[in-house]
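Here's the letter readout for the chains.
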Amino acid sequence: MKIKRVSKIDSVLKEIPTPCYVLEEELLRENLKLLKYVKDKSGAKILLALKGYAFYESFPMIREYLDGCCSSGLHESILAKEEFGKEIHTYSPVFKDDEIDEIIELSNHITFNSFSQYQRYKDKTKGKVSVGIRVNPQLSFSTVAHYNPCAMNSRLGVTIVEFKPELLEGVEGLHFHALCEENAGALEAVLGSFEEKFGKYIPQMKWVNFGGGHHITRDDYDVEKLIKIIKDFKDRYDNIEVYLEPGEAIGWQSGVLIATVVDIVHNGIDIALLDTSAEAHMPDTIIMPYRVEVRDAGKEGEKRYTIKLGGNSCLAGDFMGNYSFDRKLKIGDKIIFEDQMHYTFVKNTTFNGVRLPSLGILRENGEYETIKSFDYNDYKRRI
Ligand SMILES: *Cc1c(COP(=O)(O)O)cnc(C)c1O
């Protein structure tokens, strides 16, 4: 099963105020169909990780295909309850006394990051929520330490030497999360390490959660291999419930960030100043870092006209990079940044007081709708 992606943004570009993130419903549905195929073929349940994608205007569509949400704490669990429904699975590196009761009330599953957190809240969970422990499989292929939950001295998950089988009473699940934008081969290896260390505790569990980071909707992802890995695992452990909780794979290539060229200056190279910011609106381009794709643009020097694209904050490093176009850019031109639905608006800041981009949807019927726009009050309320 392959995804066909055809963006239709061009047909409504003139109507869209900038800066604006635009989700294309048709593209989102393509992702969801593939995820549903994985569910149907493998028997796993798939949750939406709200951390990576939380544009809740689209939840009614996602709900048709997926089983619920993976939440990172109280606020995401409330959002899941209000806007998604279905199952809510909450994991947080730490839960606090003043939030735990509400989280337990909202959640179907709660995963603790340590046995000390479980001991602290064990009595509250009894009969109310299915409890899991996050373990650290101590194998990850993430090359960036910032994105490696198994890096040295990681605080995420219990290692096998710290694992306390005598405290497992009441625990129904094990959870690991060690992938980041990875293919099924990486899962196979991490799962192997997980089973080698924690396999003997699996038969007493009701579920195992394979975490997120499965890049299922990427073109080169080996979907059939994933299905086989899950089926084999379920066969080994008496049809145990398996959960996946991808975030990025849901929003992958399903929408864009559209900006306008506001000014063009020259300093050794032409530089376009846009009404958006890499720092505030595409933070992973700086943190990860990665080079964002721009529609109809090539690398520096590849096409006739090269220009540097820059943001509207005062940070010197707030630029997207050098890009080339077939023709000279001019003030008022629109720039389309590709694949900006995941880890963007969920991480935005109002740094420098720059305006947050609006959120819009290109509906399946071809109509464009602005869902939300932001103003001064969004900036002021946060400080
Ligand atoms: C970040 C995270 C996810 C989602 O990861 P993606 O890379 O967006 O698929 C799932 N589970 C946990 C515990 C996470 O921390």
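Residues numbered from 1 in each chain as written. Predicted model: local features only at pLDDT ≥ 70, side-chain atom pairs only at ≥ 80, totals over all residues. Heavy atoms only, no water.

Would you take a moment to explain the site of the ligand for this structure?
Around the ligand sit 13 residues in total, of which Lys-51, Gly-213, Glu-245, Glu-248 and Tyr-343 are the nearest. A distance of 2.9 Å separates an oxygen atom of the ligand from a polar backbone atom of Glu-248. In the environment of the ligand, an oxygen atom lies 2.6 Å from a nitrogen or oxygen atom belonging to the side chain of Tyr-343. Protein burial of the ligand: of its 390 Å² of free accessible surface, 90% is covered by the chains. Residues of the shell around the ligand, tallied by class, amount to four nonpolar, five polar and four charged. (Near = heavy atom within 4 Å. Polar contact = N/O pair within 3.5 Å; in protein donor to acceptor, adjacent residues only side chain to side chain. Areas by Shrake-Rupley, 256 points an atom, 1.4 Å probe, with all protein chains shown as cover. Nonpolar A, V, L, I, M, F, W, Y, C, P; charged D, E, K, R; others polar.)

How do you make sense of the packing of helix α6 (residues 184–198) against helix α7 (residues 223–236) when you look at a structure like this?
For any two helices packed against each other, one specifies the inter-axial angle together with the distance between the axes. Packing of α6 against α7 leaves a shortest axis separation of 9 Å and a crossing angle of 20 degrees. Between α6 and α7, the angle falls in the class roughly parallel. For the element pair α6 and α7, the recorded crossing hand is right-handed. When α6 is examined against α7, the residues Ala-184, Gly-185, Leu-187, Glu-188, Leu-191, Phe-194 and Glu-195 are found in contact with a partner set consisting of Lys-225, Leu-226, Ile-229, Phe-233 and Arg-236. Here the contact of α6 with α7 is composed, by residue class, of seven nonpolar, one polar and four charged. (Axes fitted to C-alpha atoms, helices over the stretch in contact; angles between N-to-C directions. Helix = DSSP H or I, 4+ residues; strand = E, 2+ residues; numbered from the N terminus. Parallel < 35°, antiparallel > 145°, perpendicular 65-115°, else oblique. Left-handed = near helix turned anticlockwise from the far one by under 90°. Contact = heavy atoms within 4.5 Å.)

Which parts of the structure should I look at to understand α7?
For an α-helix, the turn length of 3.6 residues means that residues three or four places apart are oriented alike. Under the 1.5 Å per step criterion, the end-to-end length of α7 is 20 Å for 14 residues, consistent within 8% with the ideal 20 Å. Along α7, the residues that are buried comprise Val-223, Leu-226, Ile-227, Ile-229, Ile-230, Phe-233 and Lys-234. All buried residues of α7 fall inside an arc of 160 degrees around its axis, so they share one side. Of the exposed residues in α7, the ones pointing more than 90 degrees away from its buried face are Lys-228 and Asp-235. Buried residues along α7 sit against α1 (25–42), α6, β8 (207–209) and β9 (241–244). Following α7 by one or two positions, Asp-238 adopts a phi angle in the positive range, close to 55 degrees. (Expected span 1.5 Å × (residues − 1). Buried < 20%, exposed > 50% of the residue type's maximum accessible area, 1.4 Å probe, protein only. Arc of directions from axis to C-beta.)

Hey, could you run me through the sheet that holds strand β7 (residues 171–175) in this one?
Two modes of strand pairing occur in sheets, parallel and antiparallel, and in both the strands are linked by backbone hydrogen bonds. Taken in spatial order, the eight strands of this closed barrel run β2-β3-β4-β5-β6-β7-β8-β9, and their pairing is parallel. Here the average twist between neighbouring strands, direction ignored, is 25 degrees. (Pairing = 2+ DSSP bridges.)

Is there a simple way to explain the nonpolar core in this structure?
Within soluble globular proteins, side chains that are nonpolar tend to cluster in buried spots. The biggest cluster of nonpolar side chains holds 100 residues, and the ones touching the most others in it are Tyr-53, Leu-309 and Phe-337. Broken down by element, this core gets its largest block of residues, seven residues, from α6. In this structure, Phe-337 is in contact with Val-256, Leu-257, Ala-259, Leu-274, Thr-276, Met-282, Val-292, Glu-293, Val-294, Leu-309 and Met-320, ignoring residues within four places of it in sequence. Counting 11 residues, the second largest nonpolar core, distinct from the first, contains Ile-9, Val-22, Val-256 and Leu-362. (Core = buried A, V, L, I, M, F, W, Y, C linked by side-chain atoms within 4.5 Å.)

Quick question: what am I supposed to make of the domain arrangement of the chain here?
A common way to state how big an interface is: give the accessible area lost once the parts meet. Domain boundaries in the chain define domain 1 (43–251) and domain 2 (255–340 + 348–381). Of note, the centres of domain 1 and domain 2, computed from C-alpha atoms alone, are 34 Å apart. Counting residues at the interface gives 10 residues for domain 1 and 11 residues for domain 2. Taken together, the two surfaces of domain 1 and domain 2 that pack against each other cover about 800 Å², and 61% of this comes from carbon and sulfur. Of all residues in domain 1, the largest losses of buried area upon contact with domain 2 belong to Phe-55, Glu-57 and Tyr-147, amounting jointly to 57% of the total for that side. On inspection of domain 1 and its partner domain 2, the count reaches one salt bridge. In this structure, Glu-57 and Arg-363 form a salt bridge, with 3.0 Å as the shortest nitrogen-oxygen distance. One can count two residue pairs in polar contact (both at pLDDT 80 or more) joining domain 1 with domain 2. In the side of domain 1 that touches domain 2, the residues fall into six nonpolar, two polar and two charged. (Domains from an automatic or database assignment. Buried area = accessible area lost by both parts, 1.4 Å probe. Salt bridge = Lys/Arg side-chain N within 4 Å of Asp/Glu carboxyl O.)

Looking at this structure, I do not really get the side chain of Ser-313. What am I missing?
Positionally, Ser-313 belongs in the loop between β12 (305–310) and β13 (319–325). Side-chain polar atoms of Ser-313 contact the backbone nitrogen of Leu-315, separated by 3.3 Å. Discounting chain neighbours no more than four positions away, the residues touching Ser-313 are Ser-277, Asp-318, Phe-351, Asn-352 and Val-354.

What's the story with the pattern of salt bridges in this structure? I'm lost.
If the charged atoms of two oppositely charged side chains come close together, the side chains can form a pair. Going through the model one piece at a time under the given rule, you end up with 27 salt bridges. Measuring nitrogen to oxygen at the nearest pair gives 2.8 Å for the salt bridge that ties Lys-8 to Glu-26. Here Lys-8 is found in the segment before β1 (20–24), whereas its partner Glu-26 is found in helix α1, with 18 residues between them in sequence. A residue is classified by how much of its surface remains accessible, and Lys-8, at 40% relative accessible area, is partly exposed. On the basis of relative accessible area, Glu-26 is assigned to the partly exposed category, the value being 32%.

Looking at this structure, I do not really get helix α3 (residues 74–84). What am I missing?
What α3 keeps buried is the set Leu-74, Ser-77, Leu-79, Ala-80 and Phe-84. Buried-residue contacts for α3 involve β2 (45–49), α2 (59–63), β3 (68–71), β4 (87–91) and α4 (97–106). Of the residues trailing α3, Gly-85 is marked for its positive phi of about 80 degrees.

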